[in-house]
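Fold and geometry: a report
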Amino acid sequence: AGLDAMQAKFDEAMAEKQRLIDDAAATQARMDAAAALITALAGEEVRWTEQSKQFAAQIQRLTGDCALASSFTSYLGPFNKEFRDLLLTRDFYGDLNKRGIPVTADLDVARFLVDDSEIGEWTLQGLPTDELSVQNGIMTTRASRYPVLVDPQGQGINWIKNREAENNLKVTNLNEKRFRDILEESMSHGLPMLIENIQEELDPILEPVLEKRIVRKGKQAMIVLSDGKEVDYDDNFTLICTTRLPNPHYSPELSAKVTVIDFTVTMVGLEDQLLGKLILKEKNELEVQRKTLVEEVTTYKKKIKQLEDDLLFRLSNSQGNLLDDVELIEVLNVTKKTAQEVNEKLAN
């Protein structure tokens, strides 16, 4: 009996010893993690504190900024750059101020709605780099109504074809015999569809599509066309129309169903393109170098954004003690190291 009692005490002491060893190991691991975390966050305190203050101020102005951006996307497409700026600053911004709605002074709507990496991708796809073209790209991709591009010089259509090529873009026109088949196929399979060279009226068959009269039955979605035929509808479907008419007059009814966007070339855009053509002919190696640099910069900026988004997602979804999340700390280290490398390359 005495031996059994001694054995029990011994087992208890060994278990306590093992517990202390495990606890010490866990504490050491947390110390190492804390040191790694401190190292990874070194130098970020000032930047993050400043950004936190900026975000707090932005949140206060977010309602007005979103109203301004929504008005820009919805109503300013048919106008040229001069009238867009006038309406945005005089009417929209002035109205928000009169109503006492907080809004950012001199808000750059383009940078508010898209980031530099996306604009860089558009440039690689053939969209000119001038401000009006960037605005047109935003309206084409962000507007809730299907876009109609007023595109006499064909800049918009070239960009759309390059942009949607990998998505199996369907190109047609209203006079094509298979127009109806292409429309139904595109809607059913969620493919982008481009209707070229429209005039001032569209085929009545498109009316339910433009108005997005989508009927949902359980998980299935469909649109009933004007002749009564039901066609399956995939939410990935998108429709783009283009016209070569320099100054088309669309009816108010049609204008309310689509987003009309003026893609007419500007002097600045034309200068950029002529310069590119001249360099391509006279100094081909410089143009190749420029395109390579644009691609690299776009890739770097996109990589930084992806890393920051991944890190923020992990931080917001981390559970328990942060120091126990070894994977999160590794991601933080990788993010900081990569960001430093990218910033050095961009600086050079």
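Structural notes, computed from the coordinates. (Residues numbered from 1 in each chain as written. Predicted model: local features only at pLDDT ≥ 70, side-chain atom pairs only at ≥ 80, totals over all residues. Heavy atoms only, no water.)

This part covers the overall build of the protein. When helices and strands are counted, the protein shows 13 helices and eight strands. Here the protein has a C-alpha radius of gyration of 29 Å; the compact-globule value for 348 residues is 20 Å, and the former is much larger. The burial tally for the protein puts 34% of its 348 residues in the buried class. Excluding contacts between residues fewer than 6 apart, the proportion of contacts in the protein whose partners are at least 24 apart in sequence is 67%. Carbon together with sulfur atoms contributes 54% to the accessible area of the protein, which is approximately 21300 Å² in total. Considering the protein, the positive charge centre built from 42 side chains and the negative charge centre built from 59 side chains are found 2 Å apart. (Helix = DSSP H or I, 4+ residues; strand = E, 2+ residues; numbered from the N terminus. Rg over C-alpha atoms; globule rule 2.2 N^0.38 Å. Buried < 20%, exposed > 50% of the residue type's maximum accessible area, 1.4 Å probe, protein only. Contact = heavy atoms within 4.5 Å. Areas by Shrake-Rupley, 256 points an atom, 1.4 Å probe, with all protein chains shown as cover. Lys, Arg positive; Asp, Glu negative; His and termini not counted. Charge placed at Lys NZ, Arg CZ, Asp CG, Glu CD.)

As enumerated under the stated definition, the model contains four aromatic pairs in all. Seen in terms of ring centroids, Tyr-233 and Phe-237 are 6.0 Å apart; in terms of plane orientation they differ by 75 degrees. Their pairing is edge-to-face. For Phe-237, a relative accessible area of 3% corresponds to the buried category. Taken together, the ring pairs in this structure connect Trp-122, Trp-159 and Phe-263 into an aromatic cluster. One cation-aromatic arrangement involves Lys-212 over Tyr-146; the distance from NZ or CZ to the ring centre is 4.6 Å. (Phe/Tyr/Trp six-rings, centres within 6.5 Å; stacked < 30°, edge-to-face > 60°. Lys NZ or Arg CZ within 6 Å of the ring centre and 35° of its normal.)

The next point concerns a nonpolar patch on the surface. On the surface, a nonpolar cluster with roughly 250 Å² of combined accessible area is contributed by Phe-79, Phe-83 and Leu-86. Within the secondary structure layout, Leu-86 lies in helix 3 (residues 81-98). (Patch = residues over 30% accessible without salt bridge, like charges linked within 9 Å, V, L, I, M, F, W, Y side chains within 5 Å. Salt bridge = Lys/Arg side-chain N within 4 Å of Asp/Glu carboxyl O.)

Let us look at the side chain of Asp-151. Mapped onto the elements of the fold, Asp-151 is located in the loop between strand 1 (147-150) and helix 7 (155-164). Buried within the structure, Asp-151 lacks any salt-bridge partner; Arg-244 is the closest side chain of opposite charge, at an N-O distance of 5.8 Å. Separated by 3.0 Å, the side chain of Asp-151 and the backbone nitrogen of Gly-156 make a polar contact. Ignoring any residue separated from it by four or fewer positions in sequence, one finds Asp-151 in contact with Gly-156, Ile-157, Thr-243, Arg-244 and Phe-263. (Polar contact = N/O pair within 3.5 Å; in protein donor to acceptor, adjacent residues only side chain to side chain.)

Moving on to the sheet that holds strand 8 (residues 259-262). Sheet architecture is open: five strands sit in the order 2-3-7-1-8, paired in parallel fashion. Lying at the two open borders of the sheet, with one neighbouring strand each, are strand 2 (170-173) and strand 8. When strand polarity is set aside, the average angle formed by the axes of neighbouring strands in this sheet is 25 degrees. As paired elements, strand 1 and strand 7 (residues 238-243) share three bridges and run parallel to each other. In the sheet register, Val-148 faces strand 7, and the bridge partner there is Cys-241. Contacting strand 1, strand 2, strand 3 (192-196) and strand 7, helix 7 crosses the sheet at an angle of about 155 degrees to strand 3. Lying on the sheet, helix 8 (residues 179-189) is in contact with strand 2 and strand 3; it crosses strand 2 at an angle near 145 degrees. (Pairing = 2+ DSSP bridges. Axes fitted to C-alpha atoms, helices over the stretch in contact; angles between N-to-C directions.)

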